[in-house]
Amino acid sequence: MIELREVSKLFGREHAVDGISLTVASGELCVLVGTSGCGKSTTLRMINRLIEHSAGQILIDGQQIRSFNGQVLRRRMGYAIQSTGLFPHWSVARNIGLVPRLLKWTPARIEERVTELMELLGLEPATFADKMPAQLSGGQAQRVGVARALAADPDILLMDEPFGALDPITRETLQDELLRLQSRLRKTIVFVTHDMDEALKLADRIVVMNQGRIVQQGTPQTLLHEPADEFVESLLGGADRGLKQAGLTRVATLMQPLDPAQAKAKADLPTVGVDDSLRLALSLMLWHRCESLMVTSEDGQPVGTLAFHDLLRTAP
Amino acid sequence: MKRQAGVMRIGVSSLWAWWVPLAWLVALLAMIQIMPDGEDIFRQIAPDNRSVIYRRDDFLTLVANHMAIVGVASLVAITAGVGAAVVVTRSWGRDFLPLVAQLASMGQTFPPVAVLALSVPMLGFGTEPTIMALVLYGLLPIVRNTLVGLQGIDADVLEAARGMGMSAIQILWQVELPLAFKVIVAGIRTSVTINIATAAIGSTIGAKTLGDPIIAGIINGNTAYILQGAILIALLALCVDSSFERFSRLL
Ligand SMILES: Nc1ncnc2c1ncn2[C@@H]1O[C@H](COP(=O)(O)OP(=O)(O)OP(=O)(O)O)[C@@H](O)[C@H]1O
Ligand SMILES: [Mg+2]
């Protein structure tokens, strides 16, 4: 668990972070969003003591971070950044094994862990272990960056725009993988982004910052429905919120169970998956110019229908 | 297994690649060997002189001495130069950055002859003042390149290194110096090559170098002596410089 109590950071006389209080529970994925320069990275870097906070308290599992040695603290936290910061003179495997090496694991254990992580992140060990960072694509480098952050199995993961520099498709793939990893590993994650869709998709909780202060925090749903002010509202896309909201809701929540008697008649309808978003369903309706869709399960079996007027009901 | 194959490959191909420095080395050794017997040829160049082959010391001794002086001076210059550049790029040493950069460039603008003239009263005649002049003279390229190399490292790499929990020493040895190594070696190469030529002036204050035949030649008006010193200095410089060139390609 990470707790920030009235934490401030001054650079000279400028408040980069101004009295923020924030609690990130164990296993929670907390996303910091806000305009450029609002203090997101600074907040993250105070948590692992890359920079010292000027005022307030930061606690990890109830203990002040100042009571830890900075290096020891950082080895206990994963840290991934946008530019990856991979060491250009080390192979992929050596990069990933860095923190375990610092922690003096045995070579055999390090190698085992590196292989495990590469598999976890979809990097074929035989192909990638000996590659140098310069030989990687942007997406592969990001994966290595995330693998390196996870290497010593830290409870806490700090990620500063880790998917920032990627094309939308690769980024979406990595987001899905992060969610998959998170559902398995249950790390405490603080994730910085200024992509609102990314925040809505990943977050258990979103923290909106502006000029060094926290403007609002809450679940994606709360923020969408009850934005604290115009700043949050515009950050969330203003009138686009309807679509963003639909993007967060699964088809399964609003679909009608399939009436076996009608199954035949509806066989020609365009299909949508139960786990797809309502946003995708709406897009399909617009595209096919139809008012209802067949909903199929993961293995392609029809399980229900979704009509346009279903979309207007509020989710149960 | 894979790694061993890599070493083997480098071993064979680099042996080939080293032929240029090897050729210069062979030429140097050959000259040391045959010049004493080249009386007929050198007679053509200096027909009026009684002796045409420099014999006060044999050439091998001079080459070895020359190399030793340059070697010691370079080791000191590397240690001091790299050390100073590392210190002034630490957060606690940053205040000295302008000072060190300035001192190093002054070392280079100061003519080595002047350093010699000034150091004789302090260190006397001979090898020590020569080494001191060469150290001062060779510092700038090393300091400058080490600074460029260290400052050229991607800030994100250093941020990541700190963020992973590496200590300052670990970052210096495992990240900064390896990444700056190529540029540092280039600076050392410049420094050493310049000093192989510059070391010859040590002969004016009594250090035994390849400058001896040259100085003797100037004093006695003996072109053959001058030529013998110059040939050996040139070959030595070419040999060392091309070795550095090969070495830096391995990096
Ligand atoms: N080392 C530093 N020295 C001085 N000022 C700094 C330093 N680091 C950050 N700042 C300032 O603090 C403020 C917050 O910076 P920060 O990097 O936290 O912003 P951010 O929210 O991460 O922005 P972005 O989305 O652009 O990454 C900015 O005004 C920045 O100029
Ligand atoms: Mg930032």
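Given the structure is predicted, the values throughout are model-derived calculations rather than measurements.

Describing the confidence of the model for chain B
Residues and elements named next belong to chain B.
Inference 1: Summing up the model confidence of chain B, the mean pLDDT is 87 and the portion of residues at 70 or higher is 94%.
Inference 2: The spread of mean pLDDT over the elements of chain B runs between helix 1 (residues 2–17), the lowest at 54, and helix 8 (residues 155–163), the highest at 95.
Inference 3: Under a pLDDT of 50 for its full length, residues 1–8 has, in the predicted model, two contacts with residues more than four places off or in other chains.

Observations concerning the sheet that holds strand 12 (residues 271–273) of chain A
Residues and elements named next belong to chain A.
Inference 1: Strand order in the open sheet formed by four strands is 11-14-13-12, and the pairing between neighbours is mixed. Two strands lie at the open edges of the sheet, namely strand 11 (256–257) and strand 12, each paired on one side alone.
Inference 2: Pairing analysis gives five bridges linking strand 13 (residues 292–296) to strand 14 (residues 302–307), with the strands arranged antiparallel. Paired with Ser-292 across the bridge in strand 14 is Ala-307.

Considering a nonpolar patch on the surface
All names here are of chain B.
Inference 1: Taken together, the side chains of Trp-16, Trp-19, Val-20, Trp-24 and Leu-238 make up a nonpolar region of the molecular surface, amounting to roughly 550 Å² of accessible area.
Inference 2: Within the secondary structure, Trp-16 is located in helix 1.
Inference 3: Its relative accessible area of 66% is what places Trp-16 among the exposed residues.

Some thoughts on the site of ligand 1
All names here are of chain A.
Inference 1: Near ligand 1, the surroundings consist of Phe-11, Ala-16, Ser-36, Gly-37, Cys-38, Gly-39, Lys-40, Ser-41, Thr-42, Glu-161 and His-194.
Inference 2: In this structure, Gly-37 approaches ligand 1 through a main-chain N or O atom, which is 2.8 Å from an oxygen atom.
Inference 3: Within the side chain of Lys-40, an N or O atom sits 2.8 Å from an oxygen atom of ligand 1.
Inference 4: Relative to its unbound accessible area of 640 Å², ligand 1 is 56% covered by the protein chains.
Inference 5: The greatest single-element share of the shell around ligand 1, amounting to three residues, is contributed by helix 1 (residues 40–47).
Inference 6: Among the residues making up the shell around ligand 1, the classes are represented as three nonpolar, six polar and two charged.

So, the interface of chain A and chain B
Inference 1: Taken together, the contact pairs 21 residues of chain A with 19 residues of chain B.
Inference 2: Taken over both partners, the interface formed by chain A and chain B buries close to 1800 Å², and the fraction arising from carbon and sulfur atoms is 58%.
Inference 3: Inspection of the region where chain A meets chain B yields one salt bridge.
Inference 4: Note that Glu159(B) and Arg45(A) form a salt bridge whose closest N and O atoms lie 2.7 Å from each other.
Inference 5: Joining chain A to chain B, the criterion identifies eight residue pairs in polar contact (both at pLDDT 80 or more).
Inference 6: Of all the elements in the fold, those that place two or more residues in the side of chain A that touches chain B are helix 2 (70–75), strand 6 (77–81) and helix 4 (98–102) of chain A.
Inference 7: Among the residues making up the side of chain A that touches chain B, the classes are represented as ten nonpolar, six polar and five charged.

Looking at the UniProt feature "domain: ABC transporter" (unreviewed entry) in chain A
Inference 1: UniProt records the feature "domain: ABC transporter" (unreviewed entry) for residues 2–236 of chain A in the present numbering.
Inference 2: Segment residues 2–236 of chain A splits into 39% helix and 26% strand. End C-alpha atoms: 26 Å apart.

A short note on the packing of aromatic side chains
Two descriptors summarise a pair of aromatic rings, namely the distance from one centre to the other and the angle between the planes of the rings.
Inference 1: Summed over the entire model, instances satisfying the criterion amount to four aromatic pairs over all chains.
Inference 2: A centroid spacing of 4.9 Å and a plane angle of 80° characterise the contact between Phe87(A) and Trp90(A), whose relative ring orientation is edge-to-face.
Inference 3: Residue Phe87(A) is classed as buried on the basis of its relative accessible area, which comes to 0%.
Inference 4: With centroids separated by 5.4 Å and ring planes inclined at 90°, the aromatic side chains of Tyr54(B) and Tyr225(B) adopt a geometry described as edge-to-face. Placement of the pair is Tyr54(B) in the loop between helix 3 (39–45) and helix 4 (59–88) and Tyr225(B) in helix 11 (residues 223–250), with a sequence separation of 171 residues.

Conventions adopted
- Residues numbered from 1 in each chain as written.
- Chains lettered and ligands numbered in written order.
- Predicted model: local features only at pLDDT ≥ 70, side-chain atom pairs only at ≥ 80, totals over all residues.
- Heavy atoms only, no water.
- pLDDT = per-residue confidence, 0-100.
- Helix = DSSP H or I, 4+ residues; strand = E, 2+ residues; numbered from the N terminus.
- Contact = heavy atoms within 4.5 Å.
- Pairing = 2+ DSSP bridges.
- Patch = residues over 30% accessible without salt bridge, like charges linked within 9 Å, V, L, I, M, F, W, Y side chains within 5 Å.
- Areas by Shrake-Rupley, 256 points an atom, 1.4 Å probe, with all protein chains shown as cover.
- Salt bridge = Lys/Arg side-chain N within 4 Å of Asp/Glu carboxyl O.
- Buried < 20%, exposed > 50% of the residue type's maximum accessible area, 1.4 Å probe, protein only.
- Near = heavy atom within 4 Å.
- Polar contact = N/O pair within 3.5 Å; in protein donor to acceptor, adjacent residues only side chain to side chain.
- Nonpolar A, V, L, I, M, F, W, Y, C, P; charged D, E, K, R; others polar.
- Buried area = accessible area lost by both parts, 1.4 Å probe.
- UniProt positions renumbered as here; feature names shortened; annotations may be inferred.
- Phe/Tyr/Trp six-rings, centres within 6.5 Å; stacked < 30°, edge-to-face > 60°.

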